[in-house]
Amino acid sequence: MPTNPIAWLRQHPRWHRTAEVVFWVLVIGVHALLNTAVARADMREAGLPWGWWEAAVWEGTSHAMLLALIPGIAWWNRRFPLHWDTLARHLPWHLLGSVLFSLAHVAGMVALRHALHAAAGQAYGFGPWWSEWGYEYLKDVRAYAAIVGALTVYRLLLLRLQGEARVLDAPEPPLTAATPVPADVVPVSAPAEPPPPPRPERFLVRQLRKEFLIATNDIDWVQAQANYVGLRVNGHDYLLRSTLAEFAKQLDPARFVQVHRSYLVNLERIAEIEPLDSGDARLLLRGGGTVPCSRRHRAALEAAITGSSASATSIA
């Protein structure tokens, strides 16, 4: 068994995705069963002429649509993540998201109920749309907030268990001394070029209650992961809050090369390039692991290897 199951899942995307799907199916399924039992008890207590079938259809269609919309909520949450520094800016977007979620939830739920009742030879009436939707929205906004909260806690848990990296020393702006210029002299100077972006040599990683340093040269590859980049270092993954394009500017282009729209790789870590029939390639790294290389980046990679000092690198 892996010592850190969550980190292991992040390193194996297929199983990671499967675990997430199973979790949500179990949670929504159990909730649907409990709500069906409660709805049936309420019907019986109120003396309504409906039985288990109606309760199961109504709760089942609602929860089926809820489950189907969770990937959309997850995407919206990645697009507008909620942090203390983004709360004021992104909260209005989540209010809009709750409205869109409720409209899609109710529309899909009603369509499924009409179809199932028609198949059973019965009629289904939802009632006045706007008043009924207002009632449903009061429930949907709570469901939306609960799902966003669960996704946010899950992300924070991943960061805490997996480790979050940051640049160790933020560069200070250069100090310039003002030089007095005579009043009768008009200074003429060429436009100053922007300074090159700083290249950090080390990163500080916080994992649980530990802090330790990783060297930039020890990074095997960098992978884009939503609003973060994943740093692969000695068989471990650490997240750093940045986009791939922004982070690439901080790395030495003679050492780190983009080989895929989602990957940067350390040239000194490449052991072999394995061509594929599609024109893409697979990079085998010295410490284990593989990185995809797309066809559009392959020529640039081979040119970089030719001009690098990685003499042990071979091309299959």
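These numbers were taken from a predicted model, which means no experiment stands behind them. (Residues numbered from 1 in each chain as written. Predicted model: local features only at pLDDT ≥ 70, side-chain atom pairs only at ≥ 80, totals over all residues. Heavy atoms only, no water.)

Draft legend 1. Just the environment of Leu 82, in detail. Take Leu 82: it is sitting in the loop between α3 (52-79) and α4 (87-119). Spatially, the C-alpha atom of Leu 82 lies 9.0 Å from that of Val 148, the residues being 66 residues apart in sequence. Apart from the residues lying within four places of it in its own chain, the contact partners of Leu 82 are Leu 87, His 90, Leu 91, His 94, Val 148, Thr 152 and Arg 155. (Helix = DSSP H or I, 4+ residues; strand = E, 2+ residues; numbered from the N terminus. Contact = heavy atoms within 4.5 Å.)

Draft legend 2. Molecular detail of the pattern of salt bridges. Taken as a whole and assessed by the stated rule, the structure comprises 6 salt bridges. In this structure, Glu 274 engages Arg 282 in a salt bridge whose closest nitrogen and oxygen atoms are separated by 3.1 Å. By relative accessible area, which is 28% here, Glu 274 ends up partly exposed. The partly exposed category is assigned to Arg 282, whose relative accessible area is 32%. (Salt bridge = Lys/Arg side-chain N within 4 Å of Asp/Glu carboxyl O. Buried < 20%, exposed > 50% of the residue type's maximum accessible area, 1.4 Å probe, protein only.)

Draft legend 3. Summary view of a nonpolar patch on the surface. On the surface, a cluster of nonpolar side chains totalling about 620 Å² of accessible area is made up of Trp 93, Leu 96, Leu 100, Leu 103, Trp 129 and Trp 130. Within the residue set of the nonpolar patch, elements represented by two or more residues are α4 and α5 (129-162). When residues in the nonpolar patch are grouped by element, the largest group, 4 residues, is from α4. When you line up the elements, Leu 96 lands in helix α4. (Patch = residues over 30% accessible without salt bridge, like charges linked within 9 Å, V, L, I, M, F, W, Y side chains within 5 Å. Areas by Shrake-Rupley, 256 points an atom, 1.4 Å probe, with all protein chains shown as cover.)

Draft legend 4. Spotlight on the packing of α3 against α4. Remark: α3 packs on α4, axes separated minimally by 9 Å, with the N-to-C direction vectors making an angle of 145°. You can see that α3 and α4 cross each other, and the crossing is right-handed. Between α3, through Trp 53, Val 57, Trp 58, Thr 61, Ser 62, Met 65, Leu 66, Leu 69, Ile 73, Trp 76 and Asn 77, and α4, the contact on the second element is made entirely by Trp 93, His 94, Gly 97, Phe 101, Ala 104, His 105, Gly 108, Met 109, Leu 112, Arg 113, Leu 116 and His 117. Each residue belonging to the contact of α3 with α4 can be placed in one class, and the counts come to 14 nonpolar, 8 polar and 1 charged. (Axes fitted to C-alpha atoms, helices over the stretch in contact; angles between N-to-C directions. Left-handed = near helix turned anticlockwise from the far one by under 90°. Nonpolar A, V, L, I, M, F, W, Y, C, P; charged D, E, K, R; others polar.)

Draft legend 5. Here's a closer look at the packing of aromatic side chains. One pass over the structure, following the stated rule, counts 9 aromatic pairs. Judged by centre distance (5.5 Å) and plane angle (50°), the rings of Phe 126 and Trp 129 are tilted. A relative accessible area of 13% places Phe 126 in the buried class. Ring-pair connections join several aromatic residues into one group, and the members of that group are Trp 75, Trp 76, Phe 80 and Trp 93. (Phe/Tyr/Trp six-rings, centres within 6.5 Å; stacked < 30°, edge-to-face > 60°.)

Draft legend 6. Structural context of the pairing of strand β6 (residues 236-241). Judged from the 6 bridges that link them, strand β5 (residues 228-233) and β6 form a sheet pairing that is antiparallel. Note on β6: the bridge partner recorded for Val 229 is Leu 240. Joining the antiparallel neighbours β5 and β6 is a turn of 2 residues, in which Asn 234 adopts a positive phi near 50°. (Pairing = 2+ DSSP bridges.)

Draft legend 7. Molecular detail of the pairing of strand β10 (residues 281-285). The side-chain alternation of β10 yields one buried face, formed by Ala 281, Leu 283 and Leu 285, and one unburied face, formed by Arg 282 and Leu 284. Pairing geometry for strand β9 (residues 270-275) and β10, over 5 bridges, is antiparallel. Counted as the bridge partner of Ile 270 is Leu 285 from β10. In textbook terms, the turn of a hairpin is the stretch between consecutive antiparallel strands, and for β9 and β10 this stretch comprises 5 residues, one of which, Gly 279, has a positive phi near 100°. Here β10 runs beside strand β11 (residues 290-293); their pairing, made up of 4 bridges, is antiparallel. Considered in β11, the bridge of Leu 284 is made with Thr 290. The hairpin formed by β10 and β11 contains 4 residues between the paired strands, and Gly 288 there has a positive phi angle of roughly 95°.

Draft legend 8. The environment of Asp 140, seen in detail. Along the chain, Asp 140 falls in helix α5. Judged by its relative accessible area of 4%, Asp 140 falls in the buried class. For the pair Asp 140 and Leu 103, spaced 37 residues apart in sequence, the C-alpha separation works out to 9.3 Å. The residues contacting Asp 140, other than those within four sequence positions of it, are Phe 101, Ser 102, His 105 and Val 106.

Draft legend 9. Structural context of helix α7 (residues 295-306). Spanning 12 residues, α7 covers 17 Å between terminal C-alpha atoms, matching the ideal 16 Å at 1.5 Å per step. All of the buried residues in α7 are His 297, Arg 298, Leu 301 and Ile 305. The arc that holds the buried residues of α7, viewed along the axis, is 115°, so those residues lie on one side. Among the exposed residues of α7, those oriented more than 90 degrees off its buried face are Arg 296, Ala 299, Ala 303 and Thr 306. Those residues of α7 that are buried lie in contact with β7 (256-260), β9, β10 and β11. (Expected span 1.5 Å × (residues − 1). Arc of directions from axis to C-beta.)

Purely geometric numbers; function is a separate question.
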